[in-house]
Amino acid sequence: MNTLAAATDGQTAVLVNGRALKAIVQYGNKTHAALRSRIDRCKDGSRRRKKLARAKRRSEAKTARKVKDILHKATRTIANAFPRSAAVVGKPFNDAARKVGRVQAQQIAQASNRKLIAQLAYKMAGGAESKPEPYSSQTCPGCGCRQKCRRVYQCKECGWSAPRDVVGALNIRSIGLHGEIRAGQSAPSAIRWVRPLRKYPVASQE
């Protein structure tokens, strides 16, 4: 969730910050939980319960609109960075949520990966295709060895180093091009960390 999207064409890598989406989701979860607790303490059919239920629906709808807006801005950032390109994305899976703590599992489950892929599919010139991504962030693009790393991938065999999200993006790109993760890939010459667009670009009027 700290990185909402990572994309590369082999030369340039763009990492879209996901902390804004993470904060929106966390705040929404706390607000909804507080409202649910207050609703449960009310008598069935009471005016107070109905009023709180309406407030909960409004809060959920507001959170959904904010998430949708962030996803649109993030995918537009990727589409602008790589115009006239097709996207290959890792296929979402929920197995990872079963191996982490309660808070992390909730973040993974609410990452909106499928919505992100759907938006990329119509914003990228060549569409978007999902590919299985097992071990894509654990396999060294340089020598092909496999190891677990934290935010920065540092290969113990060949010394290849880059942010882990860039490693995953490179390997998924290799799967899209060759059907497998191939060794011998070089690190991108430029890595850019960006935030989702603060506002949508305004079309010039001439």
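Residues numbered from 1 in each chain as written. Predicted model: local features only at pLDDT ≥ 70, side-chain atom pairs only at ≥ 80, totals over all residues. Heavy atoms only, no water.

A. Quick peek at the environment of Val 194. With respect to the helices and strands, Val 194 occurs in strand S7 (residues 190-194). Expressed as a C-alpha distance, the spacing of Val 194 and Leu 15, which sit 179 residues apart in the sequence, is 6.1 Å. Beyond its immediate sequence surroundings of up to four residues, Val 194 is in contact with Val 14, Leu 15, Val 16, Asn 17 and Thr 77. (Helix = DSSP H or I, 4+ residues; strand = E, 2+ residues; numbered from the N terminus. Contact = heavy atoms within 4.5 Å.)

B. Here's a closer look at a positive patch on the surface. On the surface, Arg 38, Arg 41, Arg 47, Arg 48, Lys 50, Lys 51, Arg 54, Arg 57 and Arg 58 cluster together into a positively charged patch. Broken down by element, the residue count for the positive patch peaks at 7 residues, all from helix H2 (residues 47-81). Along the chain, the position of Arg 38 falls in helix H1 (residues 19-40). Residue Arg 38 is classed as partly exposed on the basis of its relative accessible area of 33%. (Patch = residues over 30% accessible without salt bridge, like charges linked within 9 Å, V, L, I, M, F, W, Y side chains within 5 Å. Areas by Shrake-Rupley, 256 points an atom, 1.4 Å probe, with all protein chains shown as cover. Salt bridge = Lys/Arg side-chain N within 4 Å of Asp/Glu carboxyl O. Lys, Arg positive; Asp, Glu negative; His and termini not counted. Charge placed at Lys NZ, Arg CZ, Asp CG, Glu CD. Buried < 20%, exposed > 50% of the residue type's maximum accessible area, 1.4 Å probe, protein only.)

C. Geometry of the packing of H1 against H2. Running from amino to carboxyl end, H1 crosses H2 at an angle of 170 degrees, the nearest separation of the two axes being 10 Å. Considering the angle they form, H1 stands roughly antiparallel to H2. Tallied by class, the residues present in the contact of H1 with H2 amount to 12 nonpolar, 5 polar and 8 charged. (Axes fitted to C-alpha atoms, helices over the stretch in contact; angles between N-to-C directions. Parallel < 35°, antiparallel > 145°, perpendicular 65-115°, else oblique. Nonpolar A, V, L, I, M, F, W, Y, C, P; charged D, E, K, R; others polar.)

D. View of the side chain of Ser 174. Secondary-structure assignment places Ser 174 in helix H5 (residues 164-178). In this structure Ser 174 comes out as buried when scored by relative accessible area, which is 3%. At 3.1 Å, the side chain of Ser 174 and the backbone nitrogen of Arg 182 are in polar contact. Non-local contacts of Ser 174, meaning those with residues more than four positions away in its chain, are made with Gly 179, Glu 180, Ile 181, Arg 182 and Gln 185. (Polar contact = N/O pair within 3.5 Å; in protein donor to acceptor, adjacent residues only side chain to side chain.)

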